[in-house]
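# Secondary and tertiary structure notes
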Amino acid sequence: MCLGIPMKVVKVKGDFSLVKTGGLTRQVNIQMLPGVKAGDYVIVHAGFAIEIVDREAARETLSLFDKIDGF
Amino acid sequence: MKYIDEFRNRGIIKKVSRRIFEMMPENEIRLMEVCGTHTQNFHRFGLDKLLPDNLRLIAGPGCPVCVSPQEYIDKAIQLSKDANTVILTFGDMLRVPGTSASLLKQRAKGADVRIVYSAWDSLKLARENPAKRLIFLAVGFEATASTLALTLQAAKKEGLNNFFFFTALKLIPPAMKALVSDPELKIDGFLCPGHVSAIIGSQPYEFIPKKYKIACCVAGFEPMDILEGIYFLLYQIVHNKPGVKNQYTRVVKRAGNPSAKAIIRKAFKVTNASWRGLGEIAGSGLSLREEFSGFDIEKTMPHDIKRKTLNIKQQNCRCGEVIKGIIQPLQCPLFKNTCSPQEPYGPCMVSSEGACNVYYRYK
């Protein structure tokens, strides 16, 4: 159910957006994400984008792995 | 960054696994992954082989199909018998056994039961079939509830009068509260779900460490996310500092998604709900608000939809204990004997996120 694969927003049109990952393109509802724009990555749940992936936070999580010995 | 391969780095996975081994105490630690997709990915990526033997991962109640009570399935089957009715459902529900049938068997007998990927698709079907009554089986947790709320609002705006919800929506934090309040259950930490938390945030779990001294960590779905989530839980447990750690900060905020929460509140109100295995839990479900009651199949045809608890035929089925984490799937006498993904006896064997189904495929 919760695939959690981030999909890239290609085009925004009203309440919907075209998103893609790999070779897969889909139309998803974006009413839960006011302010989403082309180029953003979103998490899709059953045909609806539920959250924008935060690039900075992702970077921080990845850099944290380097420090994981230092807890 | 595409946020996939970066979180599947083998070197880092091994490093986190090593740290977990170094930190692991001698006693058994029991962690529950609440979300069915965590269960599935944990085994799909073989992460169980990267953890100490005395670190037990227990599959929790976060598979919507698995926790749907039998009387709900029976009622859905009953509704499907009407020749003018189309049942719309997410795929997994099709094979869940009711007392004497399943929706799949009903379909073979001629019932109109259709699978939809998104609730939104049902709007189109309702438009295309004006003479039919379309009933959507609304099961799922907070993340699904938000998608159903938007579908409902669109149906109302459009004035669709042949589209209905049969709801069994559930809320995760009250179920976790019920689990920690159960003296039979010993859980040291919860791996909290990703998508549900994207909607509700990490804040709703804060009562768990505060009141029950149980560690919590919200985690993403990639192998590195899951392992790091386990690492953070273990860290809290070993240092006796239970809290709510958020590993999945790229998607989950403490307050969640405010727009999504408002959308849910507009369509649904909190109600009591019945969970397979856990029983009735106060404030753990969602029902349609009064202004949407025209879409509630239980309100529009109350005389023949009254839910009642039936005698459970499947007495040997131990899904209830699996959902609560009291037994592992392998301990159920039916597992791999009379119960398999091809011929499931209980709901945990049906869904690809169900603990028994996952264990069958990967163990």
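The text that follows walks through the structure, step by step, so that each part is easy to find. (Residues numbered from 1 in each chain as written. Chains lettered and ligands numbered in written order. Predicted model: local features only at pLDDT ≥ 70, side-chain atom pairs only at ≥ 80, totals over all residues. Heavy atoms only, no water.)

## As for the interface of chain B and chain A
Applicable threshold: Contacts are assigned to residue pairs that have any heavy atoms within 4.5 Å of one another. Once two parts are put together, the accessible area they lose, assessed with a 1.4 Å probe and summed over both, is termed the buried area. The working definition used for a salt bridge is a side-chain nitrogen of Lys or Arg within 4 Å of a carboxyl oxygen of Asp or Glu. By the criterion applied in these results, polar contacts are pairs of N or O atoms within 3.5 Å in which, for protein atoms, one can donate a hydrogen and the other can accept it, and in which residues neighboring in sequence qualify only through two side-chain atoms.
Every contact between the two is made by 46 residues of chain B and, on the other side, 38 residues of chain A. When the two sides are added together, the surface that chain B and chain A hide from each other amounts to roughly 3800 Å², 66% of it contributed by carbon and sulfur. Three residues, B:Tyr3, B:Tyr117 and B:His195, lead the burial of chain B against chain A; their summed loss comes to 17% of the area buried on that side. At the junction of chain B with chain A, the criterion picks out zero salt bridges. Connecting chain B to chain A are nine residue pairs in polar contact (both at pLDDT 80 or more).

## Some details on the packing of aromatic side chains
All names here are of chain B. Heads up, the rule is: Only Phe, Tyr and Trp rings take part, Trp by its six-membered ring, and two of them pair if their centres are within 6.5 Å. Stacked means planes under 30 degrees apart, edge-to-face means over 60, and tilted covers everything else. Only DSSP runs of H or I reaching four residues or more are called helices, and only runs of E reaching two or more are called strands; each is numbered from the N terminus. Buried means the residue's accessible area, taken with a 1.4 Å probe over protein chains only, is under 20% of the maximum for its type, while exposed means over 50%, and partly exposed covers the values in between.
The tally for this structure, following the rule as stated, stands at twelve aromatic pairs over all chains. With centroids separated by 4.3 Å and ring planes inclined at 20 degrees, the aromatic side chains of Tyr 72 and Phe 166 adopt a geometry described as stacked. Residue Tyr 72 is found in helix α4 (residues 70-80), and its partner Phe 166 is found in strand β6 (residues 163-170); the two are separated by 94 residues along the sequence. Given the relative accessible area of 0%, Tyr 72 is considered buried. Its relative accessible area of 0% is what places Phe 166 among the buried residues.

## Description of helix α12 (residues 258-267) of chain B
Note that an α-helix has 3.6 residues per turn; residues three or four places apart therefore point the same way. Residue and element names in this part refer to chain B. Keep this limit in mind: Each C-beta atom gives one direction from the helix axis, and the arc is the one those directions make.
Within the span of α12, buried status applies to Ala 260, Ile 263, Ile 264 and Ala 267. Taken around the axis of α12, the buried residues stretch over an arc of 95 degrees, which confines them to a single face. The exposed residues of α12 that point more than 90 degrees off its buried face are Pro 258, Arg 265 and Lys 266. If you follow the buried residues of α12, they end up packed against α7 (142-158), α9 (195-200), β10 (268-275) and β11 (279-288). Structurally, the start of α12 carries an N-cap: the backbone nitrogen of Ser 259 is 3.0 Å from a side-chain oxygen of Asn 257.

By themselves these figures say nothing about function.
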